[in-house]
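Structure assessment
Here is how the chains run, residue by residue.
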Protein chains: 2
Amino acid sequence: MNRTQATIITIGDELLIGQVIDTNSAYIAQALNHIGVKVTNRIAVGDDKKSINDALDAASLNNDIIILTGGLGPTADDITKPLLNEYFKGKMVIHQPTLEHITNIFVNIHKRPMIERNRKQAEVPDVCEVLFNETGTAPGMLFKKDKNFYFSLPGVPHEMRWLIDNQVIPVIKQNFQSHTIGHRTLLTAGIGESFLAELINDFETTLPEAIKLAYLPNFGVVRLRLTGTSADEKEINHALDAHFEKLKKVVADYLVTDADDPMEVVVGNLLKSRNQTVATAESCTGGYIGHLLSKHAGSSQFYTGGVISYDNRIKTEFLDVSTEILHTVGAVSQQAVEQMALAVRKNMNTDYGVSVSGIMGPSGQTNEKPLGMVWIGVANKEKVYSKVFYLRFDRIRNIEVTANQAINLLRLLIINKI
Amino acid sequence: MNRTQATIITIGDELLIGQVIDTNSAYIAQALNHIGVKVTNRIAVGDDKKSINDALDAASLNNDIIILTGGLGPTADDITKPLLNEYFKGKMVIHQPTLEHITNIFVNIHKRPMIERNRKQAEVPDVCEVLFNETGTAPGMLFKKDKNFYFSLPGVPHEMRWLIDNQVIPVIKQNFQSHTIGHRTLLTAGIGESFLAELINDFETTLPEAIKLAYLPNFGVVRLRLTGTSADEKEINHALDAHFEKLKKVVADYLVTDADDPMEVVVGNLLKSRNQTVATAESCTGGYIGHLLSKHAGSSQFYTGGVISYDNRIKTEFLDVSTEILHTVGAVSQQAVEQMALAVRKNMNTDYGVSVSGIMGPSGQTNEKPLGMVWIGVANKEKVYSKVFYLRFDRIRNIEVTANQAINLLRLLIINKI
């Protein structure tokens, strides 16, 4: 049995001049993989008839499923719908349920007049099946030709996601055989990619043909992923489980989690399971640690809040960092972050406090304190621990790495490893 | 003169299963566009020999420049280097400067032994020119064939960026003619895409062939971009300027900025030019507004700090929200956010205070307060203003939209529009 294959075509000049980052493709790829469809490649093309036609022709050759996103809006640069109408030799007709839906959105919800441009969004080629879009004005469309299925979706991320989950995936499940694919992912911290590779070299040679290992390094943490493919779901899952258990043992000293979760979710789960709470005192990360801890549902169970002490005055007034510390060793120092972690924990009455203070760049360094130098502190009732890092990325990455490292230190404190 | 054309090929299974979002392509596309190179498409393929070979063959047909990223690491799933060696019929040799560089990184900086796997990273095909990589262990490579230039770069984002800026772009500038491309971008807020399209319909018909208009909607704000292409740099820039001035007049009521800057940079610049400061009081956004305000260089000039009052107790203890307010109208209320904005401004002694409190989902709603309901408050010395929003996205997008809207309200208060 051959695996069902898919291509993702994203449409928009903005993708080719780098003005926006394509998050849609990753979402779609994930959803397809989850049901065993193999994504052979992803291609981004401009709002340009020839490019889209060429991409459609090429994609049609080796794939069963072609998913297009973008170019369905109400403006002149949105050319996907007329192009598909021509490609599949249809003619445009009004889709009545969509027209009613759009009218309702404009007239009843937005209290705005319905204009011709909006009415046009309810037009679809008569050769497609409409995938009703509850979340916006542009309908999804399904075209079928030579056993291939072509799905056209709007590029607006939340609309695209809704259509994938509620319309596209159910249609694919009904119409294509699934070739089971399984993934097992774990997260390591504290070891570089090449040393990790040495460590698991012997393990890697024991893997069967059907299981692949991938390294996904990301700023001080490395994820390892096993991927298995087979027609036999039970068999491949069994093999994946067995090899994954072996892998976990090999990397035990560096293992953060055996789930495909980011660091902050691992720590959030740890805190929830212990009924414990944390507060943050952030200087150089400016709220990013708070954002990571609170971006996932259920975070109010363990995240109490924090102080963003961007200005040194706030460190003194809200986090009890003495002016003496600021004047002698400075804000980027062991003394400052330890005091910050202790103070935010005490003042917000939580089990843990986390603090950071550093020089994120592109300027602000001194002779003693280079660019990328950052102190991180973590405290509980019994003790305070701090560590200095020297980072070498740009400002944004330095902020991200600092947040990751801070949350990892919190994790190590929670599980009594520091 | 034909424009120099390029394709970007990103390599890695993780791109096809949706485990990571491809930010490299956007960076490369932006850099190429900046020097007038047209990106015809971008393609992502797996760690798979046939897919990479096919992509190389296809890209070679219509392009002058092919940029590959990924698959250059030290592990077994990194197959790009041997594949290119075969594709361009070379043989592997040690590149001495790279070997010295790698040895230095491991032995002198990391104080770790140099292992065979690392030594292998200094091997390159003898048919390439090495693009020395100061920022990591995998060297960049340049292959030339049939007038085409093939650049192979590591996929690690900061290494790729350094190589693009310091090695690839200079080589392209030296070897290819530039066909000037110009962009003018502005940002609007407070008007939907279709109404904006109505508004600028007449303007759009006056645009010459060489200038294209694009709409880039993004959660309540819409960017408009004019793109001009011509062999005559002076002429196209002149035409772009003239049309851009007209466009700005047409959208004047909704114009946030005529630069390609995000909202928070516009507001940061406003504050800097007035020598004013702001503090944040965040509940449902958990630090994300602080992150936006502080992620750009120079933000310490205007961002003083904030309180993340995720737990209601923090609203009472740090932001003077009375328990009466919490017990009667609740934390997601006009009274609560107005008090929060006033308190954080006063307690942190800034010119402005911004506050948010809402229900980001996926749960937490009540009969009176639906999912996505969020109150935003802004205050200065003279007054406090607040507004309620009803958002309909998922948790992460709700957080992003809330932050954008809060920063926009701050902007309107600064320029006396509310």
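Residues numbered from 1 in each chain as written. Chains lettered and ligands numbered in written order. Predicted model: local features only at pLDDT ≥ 70, side-chain atom pairs only at ≥ 80, totals over all residues.

A few words now on the sheet that holds strand β1 (residues 5-11) of chain A. Taken in spatial order, the 12 strands of this open sheet run β6(A)-β7(A)-β8(A)-β3(A)-β1(A)-β2(A)-β2(B)-β1(B)-β3(B)-β8(B)-β7(B)-β6(B), and their pairing is mixed. Each edge of the open sheet carries a strand with a single partner, namely β6 (129-131) of chain A together with β6 (129-131) of chain B. Across the sheet, the mean angle from the axis of one strand to that of its neighbour is 20 degrees, orientation sign disregarded. When β1 of chain A meets strand β2 (residues 38-45) of chain A, the two strands line up parallel, connected through seven bridges. Residue Ile 8 of chain A lies in a different strand from β2 of chain A, and its bridge partner there is Arg 42 of chain A. Packing of helix α7 (residues 157-175) of chain B onto the sheet brings it into contact with β3 (65-69), β6, β7 (140-145) and β8 (148-153) of chain B, and relative to β8 of chain B it is tilted by some 170 degrees. (Pairing = 2+ DSSP bridges. Helix = DSSP H or I, 4+ residues; strand = E, 2+ residues; numbered from the N terminus. Axes fitted to C-alpha atoms, helices over the stretch in contact; angles between N-to-C directions. Contact = placed C-beta atoms within 7 Å.)

With respect to the helices and strands, the residue Leu 213 of chain B is situated in strand β10 (residues 211-218). A residue is classified by how many C-beta atoms lie within 10 Å of it, and Leu 213 of chain B, with 18 of them, is partly exposed. Taking the C-alpha atoms as reference points, Leu 213 of chain B and Leu 224 of chain B, separated by 11 residues in sequence, lie 7.0 Å from one another. The residues touching Leu 213 of chain B, leaving out its near neighbours within four places in the chain, are Asp 77 of chain A together with Glu 204, Leu 207, Leu 224 and Leu 226 of chain B. (Buried ≥ 20, exposed ≤ 12 C-beta atoms within 10 Å, placed from the backbone.)

Turning chain B through 180 degrees and shifting it by 0.0 Å along the axis lays it on chain A, with an RMSD of 0.1 Å. On this basis, the relationship between the two copies can be described by a two-fold rotation axis. Residue by residue, 100% of the interface of chain B is reproduced at the interface of chain A, so both copies engage with the same surface. (Least-squares fit on C-alpha atoms with pLDDT ≥ 70 in both.)

Now for the pairing of strand β9 (residues 181-189) of chain A. Within a regular strand, the side chains alternate between the two sheet faces. Residues and elements named next belong to chain A. As paired elements, β9 and strand β11 (residues 221-229) share nine bridges and run antiparallel to each other. Note that in β11 the partner of Thr 188 across the bridge is Val 222. With two bridges connecting them, β9 and strand β12 (residues 255-257) associate as antiparallel partners. Each residue of the ladder has a partner; that of Thr 188, found in β12, is Leu 255.

Spatial relationships are all this shows, so hold off on functional conclusions.
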